[in-house]
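The residues making up each chain are set out below.
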Amino acid sequence: MTKYYAEPFKIKMVEPIKMLTREERIEKIRNAHYNVFYLDSDDVYIDLLTDSGTGAMSANQWAGVMVGDEAYSGSRSYKNLMASAKDIFGYEYFQPVHQGRAAEKVVMPIFLHEGKVAISNMHFDTTRAHVELAGARAIDCVIPEALDTVNYHPFKGNMDIERLKKLIEEYGPENVGMIIITVTNNSAGGQPVSMDNIKKTSEIAKSYNIPVCIDAARYAENAYFIKNREDGYSDKSIKDIAREMFSYADLFTMSAKKDAIINMGGLVGVKNDPELFEVVKARTIPYEGFVSYGGLSGRDIEAMAIGLQEGTDFDYLKYRIGQMEYLAEKLDEAGIAYQSPVGGHAVFLDAKKLLPHIPYYEFPAQALAIELYIEAGIRSCDIGSYMMGNDPDTGEQIESEFEFTRLAVPRRVYTQSHLDVIVEALKAIKERKDTLKGYRITWEPEVLRHFTAKLEPLK
Ligand SMILES: *Cc1c(COP(=O)(O)O)cnc(C)c1O
């Protein structure tokens, strides 16, 4: 029997959902131009589009919303956030912003411009966009094991250390504006990065005088994996592990919509460089608002201060990652491939393996996402060639290293029975997989096309 760790909470408030008929779903997805971002959420039964900002806040967080201090300056909620963040990350300076990409917009141009490169274990899509908007180029440098979705590796999110050194020499250390460590490595399948790898990356960066920035959206899930899988960490607390992780970086950008379990918010952290922090503040004020609120309401800031703490609770993380492990075991039984071992926030289905007859330029992972909606009203999304878009230099469709259909699981939202519905739908699709067709884009914007492009099925 597959183990399901029961929820370390009970349900105080519910939000009704319903499943439309199959005919209705076929019509809804056609009207949405076969782009899941155009679907109305009311037409979705289980929404696995993202784990970003979709978590359920706790009773404590809602209480925090009521006592949030909306003062323009010197707010009590801001002070609470500073104390909570310092306790977890061990840094001197923090700047709230309205979400992760706002942190990227504030930070990236400080280090990056035309002629520079950023090297990361893997850039998340908005991070890549902000590196490129700053005029620089984004280079991914994940270990080759990450590209093998079948064989076990405990830390598939790791930076390829040897290749990192080569890349720095090739581009010249003076041209590498920053090294970004994404924890967990979202685009590689929510895969963790080991402490040893963070430390080694940091040592190399230091030896070349290149700043290290952690893209920290899922820092707590990463810390949980380190505790479970890395020698020497099983007795350490999640917070101790998090503090050590961050000690190897100079700054971080964070979307608080993930592990901080709030619906909107972000944070920049600066370890101990007061001059850099002055620049961060100066760039925040025109884009995000005054330093003590950074694009957020006082109530959001209060909820973030509480959520940061709740997100590092061990029992919560065991249940949370346990949901992914439960899904993964059920998929193993059904013979459906995914990025294995399963990641922290999502199951990344290997659409290339399930649908080998659909080539990358006909978007197999998008085809699977559409089929999941038609089958059971489940909304997922493509993390593959469709999301990658076109090469900014040549305009050609990029062939992604993965064709993943991502089932991102919101925090504290769905139950074991919902997970069973997902597994049953995938089994049914597997039965008729050879009948699935690829897609063609009929319209697309220049950047981040997957949000708004329009598609049609191929005949
Ligand atoms: C979500 C995310 C971001 C961007 O954050 P938003 O809050 O969506 O703007 C950046 N990096 C990673 C790794 C993320 O998961």
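Before any of the text, the structure's been laid out above.
Enquirer: Just checking my understanding: could you explain a nonpolar patch on the surface for this structure?
Expert: On the surface, a nonpolar cluster with roughly 310 Å² of combined accessible area is contributed by F9, I11 and V14. Secondary-structure assignment places I11 in the segment before α1 (22-31).

Enquirer: It is not clear to me how the nonpolar core should be interpreted in this structure. Could you clarify?
Expert: Of all hydrophobic cores here, the largest spans 128 residues; its most connected members are F89, Y219, M245, F252, M254, L308 and L349. At 10 residues, the largest contribution of residues to this core is made by helix α12 (residues 314-334). Viewed by domain, this core spans two of them, domain 1 (22-51 + 314-457) and domain 2 (59-310), each represented by three or more residues. With near-sequence residues (within four places) excluded, L349 lies in contact with L331, I336, A337, Y338, L368, L372, E403, F404, T405, L407 and L426. If you look at the next biggest cluster of nonpolar residues, it comprises 22 residues, including V107, M108, A134 and L251.

Enquirer: Would you take a moment to explain the environment of G55 for this structure?
Expert: Structurally, G55 can be placed in the loop between β1 (46-47) and α2 (59-67). Taking the relative accessible area as the measure of exposure, G55 reaches 15% and is therefore buried. Linking G55 and L407, residues 352 residues apart in sequence, is a C-alpha distance of 14 Å. Beyond its immediate sequence surroundings of up to four residues, G55 is in contact with I261, N263, R411 and V413.

Enquirer: Is there a simple way to explain the site of the ligand in this structure?
Expert: Every one of the 15 residues lining the ligand counts as a neighbour, but R101, D215, R218, S255 and K258 are closest to it. Take R101: an N or O atom from its side chain is 2.7 Å from an oxygen atom of the ligand. Interatomic distance of 3.2 Å between a side-chain N/O atom of N186 and an oxygen atom of the ligand. If the ligand stood free it would expose 380 Å²; the protein chains cover 98% of that surface. Contributions of two or more residues to the shell around the ligand are made by α4 (100-111) and α5 (125-133). In terms of residues, the shell around the ligand owes the most to one element, α4, which gives 3 residues. Here the shell around the ligand is composed, by residue class, of 2 nonpolar, 7 polar and 6 charged.

Enquirer: How should I be thinking about the sheet that holds strand β6 (residues 212-215) in this particular structure?
Expert: The strands that make up a sheet pair up through hydrogen bonds in the backbone, lying either parallel or antiparallel. Here we have 7 strands laid out as an open sheet, ordered β2-β8-β7-β6-β5-β3-β4, and mixed in their pairing. Each of the sheet's edge strands pairs with one partner strand only, and the pair in question is β2 (93-97) and β4 (137-140). Pairs of neighbouring strands in the sheet enclose a mean axial angle of 20°, with direction left out of account. Examined bridge by bridge, strand β3 (residues 117-120) and β4 share 4 bridges and lie parallel to one another. Looking across to β4, one finds that S120 is bridged to D140.

Criteria and thresholds
- Residues numbered from 1 in each chain as written.
- Predicted model: local features only at pLDDT ≥ 70, side-chain atom pairs only at ≥ 80, totals over all residues.
- Heavy atoms only, no water.
- Patch = residues over 30% accessible without salt bridge, like charges linked within 9 Å, V, L, I, M, F, W, Y side chains within 5 Å.
- Areas by Shrake-Rupley, 256 points an atom, 1.4 Å probe, with all protein chains shown as cover.
- Salt bridge = Lys/Arg side-chain N within 4 Å of Asp/Glu carboxyl O.
- Helix = DSSP H or I, 4+ residues; strand = E, 2+ residues; numbered from the N terminus.
- Core = buried A, V, L, I, M, F, W, Y, C linked by side-chain atoms within 4.5 Å.
- Buried < 20%, exposed > 50% of the residue type's maximum accessible area, 1.4 Å probe, protein only.
- Domains from an automatic or database assignment.
- Contact = heavy atoms within 4.5 Å.
- Near = heavy atom within 4 Å.
- Polar contact = N/O pair within 3.5 Å; in protein donor to acceptor, adjacent residues only side chain to side chain.
- Nonpolar A, V, L, I, M, F, W, Y, C, P; charged D, E, K, R; others polar.
- Pairing = 2+ DSSP bridges.
- Axes fitted to C-alpha atoms, helices over the stretch in contact; angles between N-to-C directions.

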